[in-house]
Amino acid sequence: MTAYMEHKDLANESIDEARARSIADGVHRVLDDVARAEEQAGRPAGSVQVLAASKTRDVGEIMAAVDAGIRLLGENRPQEIVAKIDGLRAQGAQRGLVIGASDLETAEGADDPEALNRLPLHLIGQLQSNKIGKVLPDADVIESVATLDLAEKIARRMAVRGRTMGVLIEVNESGEDSKSGIAPDEALDLALAVAALDGVEVQGFMTVGANVDDEATVRAGFAHLRGLRDAALAAGVASARELSMGMTGDKEWAIAEGATIVRIGTGIFGERDFK
Ligand SMILES: *Cc1c(COP(=O)(O)O)cnc(C)c1O
């Protein structure tokens, strides 16, 4: 268990007004930055979704971001999803929103999930095989699939549930030891192998940008990920449209290189007290 989970009640639903206002300001700033970056890149308004990366944040903080306009959530740890999901679903229901995948099978209009007022939940951190059961009911997409073994285990269990899990292939574009993800030159083969499984749908690719200030280096990784996505589409994986790349510090570069999802933590919620 990660230490901060013992010090903070992640299920807490009420935060003070000043905190809610600062989160709303963060969301508005990020949405403005993203709109400007879309325009500068000559891309249509709304072509980039902002995922709120809400690790270490409680239900009240996350709902403040939702109230300010966030429509996509990302968690790093299965245990955090378990700690927050009941509160998120209850708070979402009060606003007419379906948060996460767990109500999909029973929700009205479930035969047409697009018709629901949906707020999808992505897992963006590493997933160990023994934790799969914690995320399957609630996650819409697992962004961190880097091995065929993990994809097969997810696929088998989803087939039993009669649902399909969206997955992104996580690629270690920078080659940094500290990062997870498959090597760039093995990523296309993995995507094609995963796409052949029942129970999962390859929706695209994910990476964490190189941990350097050099724009050309960071953008080269993002551009390579785009090439992988385009190659997967060309190989017939029509669902592989998404490029999840860019965080608070490098989202503009990622959007210039074609990101469809940027994952923003600090820019919305401020600096983390816990790592
Ligand atoms: C924390 C995290 C983010 C957001 O990072 P910020 O720099 O706080 O915006 C994005 N992606 C992943 C995988 C993360 O763990």
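Every value quoted in this text rests on a predicted model; they were computed, and no experiment measured them.

**Student:** Could you give an account of helix α4 (residues 78–94), with specific residues and numbers?
**Tutor:** For α4, with 17 residues, the first-to-last C-alpha span of 24 Å sits near the 24 Å given by 1.5 Å per residue. Taking the largest bend as the criterion, α4 deviates by roughly 45°, centred on K84. For α4, the set of buried residues is P78, Q79, E80, I81, K84, I85, G87, L88, Q91 and G92. Positioned one or two residues after α4, G96 has a phi angle of 75°, which is positive.

**Student:** Describe the pairing of strand β10 (residues 261–264), listing the residues and the values that go with them.
**Tutor:** Side chains of β10 alternate between two faces, with I261 and R263 and V262 and I264 buried alike. Of the strand pairs in this sheet, strand β1 (residues 49–53) and β10 are connected by four bridges, and their pairing is parallel. Residue L51 lies in a different strand from β10, and its bridge partner there is R263.

**Student:** Report on helix α2 (residues 17–40), specifying residues and quantitative values.
**Tutor:** Look at α2: 34 Å from first C-alpha to last across 24 residues, which is about the 34 Å you get at 1.5 Å a residue. Taken residue by residue, α2 has I23, A24, G26, V27, V30, D33, V34, A37 and E38 as its buried positions. Positive backbone phi, at 70°, marks G42, one or two positions downstream of α2.

**Student:** Describe the nonpolar core, and please don't skip the residues or the numbers.
**Tutor:** Within soluble globular proteins, side chains that are nonpolar generally end up buried alongside one another. By size, the foremost hydrophobic cluster in this structure holds 67 residues, and its most contacted members are L73, I154, M165, I169, F205 and I268. Leaving out residues up to four positions away in the same chain, I154 has contacts with L127, I132, L136, I142, V145, M165 and V200. By size, the runner-up hydrophobic cluster in this structure holds eight residues, among which are L72, I124, L168 and M206.

**Student:** Please give an account of the site of the ligand that cites residues and values.
**Tutor:** In the region of the ligand, the neighbouring residues are A53, K55, N76, I124, M247, T248, R263, I264, G265, T266 and R272. Measuring from an oxygen atom of the ligand, one finds a side-chain N or O atom of K55 at 2.7 Å. Within the side chain of R263, a nitrogen or oxygen atom sits 2.9 Å from a nitrogen atom of the ligand. Split by residue class, the shell around the ligand holds four nonpolar, four polar and three charged.

**Student:** Quick one: what's the story with the environment of A45, residue by residue and with numbers?
**Tutor:** Relative to the helices and strands, A45 resides in the loop between α2 and β1. Of the residues examined, A45 reaches a relative accessible area of 77% and is grouped as exposed. For the pair A45 and A35, spaced 10 residues apart in sequence, the C-alpha to C-alpha distance is 6.4 Å.

**Student:** Tell me what's going on with the UniProt feature "modified residue: N6-(pyridoxal phosphate)lysine" (unreviewed entry) in the protein chain, and back it up with residues and numbers.
**Tutor:** In the numbering adopted here, UniProt assigns the feature "modified residue: N6-(pyridoxal phosphate)lysine" (unreviewed entry) to K55. Among the structural elements, K55 can be located in the loop between β1 and α3 (59–67). K55 gets classed as buried once you look at its relative accessible area, which sits at 18%. If we skip the residues at most four places from it in the chain, K55 touches G74, E75, N76, R77, E80, K84 and R272.

Rules used in this analysis
Residues numbered from 1 in each chain as written. Predicted model: local features only at pLDDT ≥ 70, side-chain atom pairs only at ≥ 80, totals over all residues. Heavy atoms only, no water. Helix = DSSP H or I, 4+ residues; strand = E, 2+ residues; numbered from the N terminus. Expected span 1.5 Å × (residues − 1). Bend = angle between axes of the 7 residues up to and from the residue. Buried < 20%, exposed > 50% of the residue type's maximum accessible area, 1.4 Å probe, protein only. Pairing = 2+ DSSP bridges. Core = buried A, V, L, I, M, F, W, Y, C linked by side-chain atoms within 4.5 Å. Contact = heavy atoms within 4.5 Å. Near = heavy atom within 4 Å. Polar contact = N/O pair within 3.5 Å; in protein donor to acceptor, adjacent residues only side chain to side chain. Nonpolar A, V, L, I, M, F, W, Y, C, P; charged D, E, K, R; others polar. UniProt positions renumbered as here; feature names shortened; annotations may be inferred.

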